[in-house]
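# Structural description and commentary
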Amino acid sequence: NSHLYWSNIKAEAKEMRKFFKVLDLANSIEAIKCYGVDFKTDEQFDKLMEYIRVSLDLRQIKLKYGYYCDGRIEKLAAILRNQSSIRSLSLECGAQTEESMKVLFEAVINNGIMTKLKVGYNPDSAKDQALTLLAGWITKSNCQLHKLGFESNPGITANGFGAFCSSLRTNRSLREINFNLSCHKIGPNIGELAKGINENKFLRTLRYGSNSICDAGAITLAGGLAKNESLINLNLRDNKIGKDGGMALARAIKSHPTLKSVVLSYNEISAEAMEEFAEMLTYNRSLEKVYLDENPIKVKGCVYLLTRVGSFGKQLKILDLSFIKIDTDGLQNIFEELPEGRSQSGPPILDINLRGNETSIPLKKDLRRLDLDFSLIV
């Protein structure tokens, strides 16, 4: 079995003949991935659809950065209704209306065997009706969808988002959700997401970035996290979360039994919140990776964390403090505050990343020579 990867083809006749010759010659193709392929004529696109229709081995379709108008999406939907082998569909382009997305989701639901679905980079379509359709499906016991992605879909509103999050309460199939929507319209229903993750017992990964939830949204989400016992990976990057929201999240994560990776990069969490984060890193016994890069933690917050490293959970492997607005003088102050000597034998397990902060060459050398309980990356 093989993957056919076709990238940046402008659909000139010669190039397209090569593309279809590969399809004709291949005995078994498991995945078709078209990145930036411009099917200039419907005849070219229809030929690809016919191959998909008759294939018995095809498991994955990925169409990205091409022109897939409503008519073409509806042709794909018609094939998916009865196609018995495809398990994964990724459609990342921006030419569809909400109506065509609704038709596509109806086909996916009718098909019933899809385990991975991603619809991304579509700023023009609201998709609320389509998302509501999907919400109804994932509450059914026969739903097999494990992985769902809605990346860069700013047209989604509070209504569609709220309907979907409500369905998370009873869903048993989803293991990973990507809601990096780049959307500022769903704030009123952030509470539905909190309730969803509170009651869902099966979700393992939640990516919910670039949605401007601010402190109020982070505090609401923290309430849902407090009783969640299934999440392993949580990504809330680029959400304008400040001190209060960061502190609320740290308190909720402190006693979370399963989280291994937390990403809070590109927020506005300040030094004043680091006491709560130090407590979180001390008492949590599952966290392995914590990313606080691109937050204004500065010298005060960094010193507070680094002087508490000895009490952090021994399972912690990565603490990312890169680009936290520290200059050379600030790093010199941190250097002077660090404890001397090692408290444990063996090589350091924890990597602390301080890259992206202003550092002189001599100071870098001094920091790298330190014999610490952690590995300092500068």
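Keep in mind the model is a prediction, meaning the values are calculated, not measured.

## A short note on the pattern of salt bridges
In this structure the tally under the stated criterion is 14 salt bridges. Here E106 makes a salt bridge to R81, at a shortest N to O gap of 3.9 Å. Note that E106 is positioned in helix α4 (residues 98–111) and R81 in the loop between α3 (70–80) and β4 (88–92), a separation of 25 residues in sequence. Assessed through its relative accessible area of 30%, E106 is described here as partly exposed. Between E192 and R169 there is a salt bridge; the shortest N-O distance is 3.1 Å. Taken together, the residues E192 in helix α7 (residues 190–199) and R169 in the loop between α6 (158–167) and β7 (176–178) connect sequence positions 23 residues apart. The buried category is assigned to E192, whose relative accessible area is 18%. Through salt bridges with shared partners, a single ionic network connects K64, E92, K118 and E151.

## Some points on the side chain of E151
Assignment of secondary structure puts E151 in the loop between β6 (147–149) and α6. Judged by its relative accessible area of 18%, E151 is buried. For E151, the side chain forms a polar contact with the side chain of N178, separated by 3.3 Å. Ignoring anything within four residues of it in the chain, the contact list for E151 reads K118, V119, G120, Y121, N178 and N180.

## Comments concerning helix α5 (residues 128–138)
Each turn of an α-helix holds 3.6 residues, which means side chains three or four residues apart point in the same direction. Restricting attention to buried positions, one finds in α5 the residues D128, A130, L131, L134, A135, W137 and I138. Buried positions along α5 lie against α4, β5 (116–120), β6 and α6.

## A few points about the packing of aromatic side chains
Taken as a whole and assessed by the stated rule, the structure comprises 5 aromatic pairs. For the ring pair F161 and F179, a centre distance of 5.4 Å and an interplane angle of 75 degrees mean the geometry is edge-to-face. In this pair, F161 sits in helix α6 while F179 sits in the loop between β7 and α7, placing the two residues 18 residues apart along the sequence. Ring geometry for F164 against F179: centres 5.3 Å apart, planes inclined by 75 degrees, an arrangement best described as edge-to-face. One end of the pair, F164, is in helix α6; the other, F179, is in the loop between β7 and α7, with 15 residues separating them in the sequence. As far as burial versus exposure is concerned, F164 and F179 are alike and both buried. Residue placement shows K64 over the ring face of Y35; its charged tip is 5.6 Å from the ring centre.

## Details of the side chain of R308
Topologically, R308 is positioned in the loop between α11 (298–306) and β12 (318–320). Apart from residues no more than four positions distant in its own chain, R308 is found in contact with A278, E279 and T282.

## Notes on the nonpolar core
Counting 117 residues, the largest nonpolar core has Y208 and L321 as the members making the most contacts within it. Once you skip the residues sitting within four places of it in the chain, Y208 turns out to touch F161, F179, N180, I186, I190, L193, I213, L221, N235, L236 and N239.

## Some points on the environment of K254
Following the sequence through the fold, K254 ends up in helix α9 (residues 243–254). Sequence spacing of K254 and L287 is 33 residues, and the spatial spacing of their C-alpha atoms is 9.2 Å. Not counting residues within four places of it along the chain, the set of residues in contact with K254 comprises E279, M280, Y283 and N284.

## A short note on the pairing of strand β13 (residues 350–353)
The two faces of the sheet receive side chains in turn, since in a regular strand these alternate between them. Two strands pair when backbone bridges link them, and β12 and β13 are joined in this way by 3 bridges, in the parallel orientation. Looking at β13, one finds that I318 is bridged to D351. In terms of strand pairing, β13 meets strand β14 (residues 374–377) through 4 bridges, oriented parallel. In the sheet register, L350 faces β14, and the bridge partner there is F374.

## Looking at the state of the cysteines
Summed over the entire model, instances satisfying the criterion amount to 0 disulfides. With no disulfide of its own, C143 lies closest to C165 among cysteine sulfurs, the gap being 15 Å. Accessibility expressed as a relative area gives 7% for C143, which makes it buried.

## Digging into the packing of helix α2 (residues 42–54) against α3
In contact at an axis separation of 10 Å, α2 and α3 are set at 15 degrees when each is read in the N-to-C sense. It follows from the interaxial angle that α2 and α3 lie roughly parallel. As α2 runs across α3, the sense of the crossing is right-handed. Every residue of α3 that contacts α2 at D42, F45, D46, M49, I52 and R53 is listed here: R72, K75, L76 and I79. Residue composition of the contact of α2 with α3, grouped by class: 5 nonpolar, no polar and 5 charged.

## Considerations on the pairing of β5
Across 5 bridges, β4 lies against β5 in parallel orientation. When the sheet's bridge partners are listed, L89 is paired in β5 with L117. Here β5 runs beside β6; their pairing, made up of 3 bridges, is parallel. Residue K116 lies in a different strand from β6, and its bridge partner there is K147.

The rules behind the values
- Per-chain numbering applies: the sequence of each chain, read as written, is numbered from 1 onward.
- The model is predicted, so local features are restricted to residues of pLDDT at least 70 and side-chain atom pairs to those at 80 or more, both for listing and for counting; the totals for chains, interfaces and linings are taken over all residues.
- In computing side-chain values, all of the structure's heavy atoms are included and hydrogens and water are not.
- The salt bridge definition used is simple: a Lys or Arg side-chain nitrogen within 4 Å of an Asp or Glu carboxyl oxygen.
- To qualify as a helix, a DSSP run of H or I must reach at least 4 residues; to qualify as a strand, a run of E must reach at least 2; elements of each kind are numbered from the N terminus.
- Between buried and exposed lies partly exposed: a residue is buried under 20% and exposed over 50% of the maximum accessible area for its type, with that area taken using a 1.4 Å probe on protein chains only.
- Here a polar contact means two N or O atoms within 3.5 Å. Within protein one must be a hydrogen donor candidate and the other an acceptor candidate, and residues neighboring in sequence count only if both atoms are side-chain atoms.
- We call two residues in contact when some of their heavy atoms are within 4.5 Å.
- Any two of the Phe, Tyr and Trp rings considered here, Trp counted by its six-membered ring, make a pair once their centres fall within 6.5 Å; the pair's planes then place it as stacked at under 30 degrees, edge-to-face at over 60, or tilted in between.
- In this analysis the charged atom, NZ for Lys or CZ for Arg, is taken to sit over a ring once it is within 6 Å of the ring centre and within 35 degrees of the ring normal.
- We define a nonpolar core as any set of buried Ala, Val, Leu, Ile, Met, Phe, Trp, Tyr and Cys residues linked to one another through side-chain atoms lying within 4.5 Å.
- DSSP-based pairing: two strands are paired if at least 2 bridges between them are found.
- Put simply, a disulfide is two cysteine sulfurs that come within 2.5 Å.
- Angles shown run from 0 to 180 degrees and are taken between the N-to-C directions of axes, each axis being a line fitted to C-alpha atoms and, for helices, limited to the stretch in contact.
- If an angle is under 35 degrees, it is roughly parallel; if it is over 145, roughly antiparallel; if it lies from 65 to 115, roughly perpendicular; otherwise it is oblique.
- Handedness of a crossing follows from how the near helix is turned relative to the far one, being left-handed for an anticlockwise turn of less than a right angle and right-handed for a clockwise one.
- Lys, Arg, Asp and Glu make up the charged group, whereas Ala, Val, Leu, Ile, Met, Phe, Trp, Tyr, Cys and Pro make up the nonpolar group; the residues left over, Gly among them, are polar.

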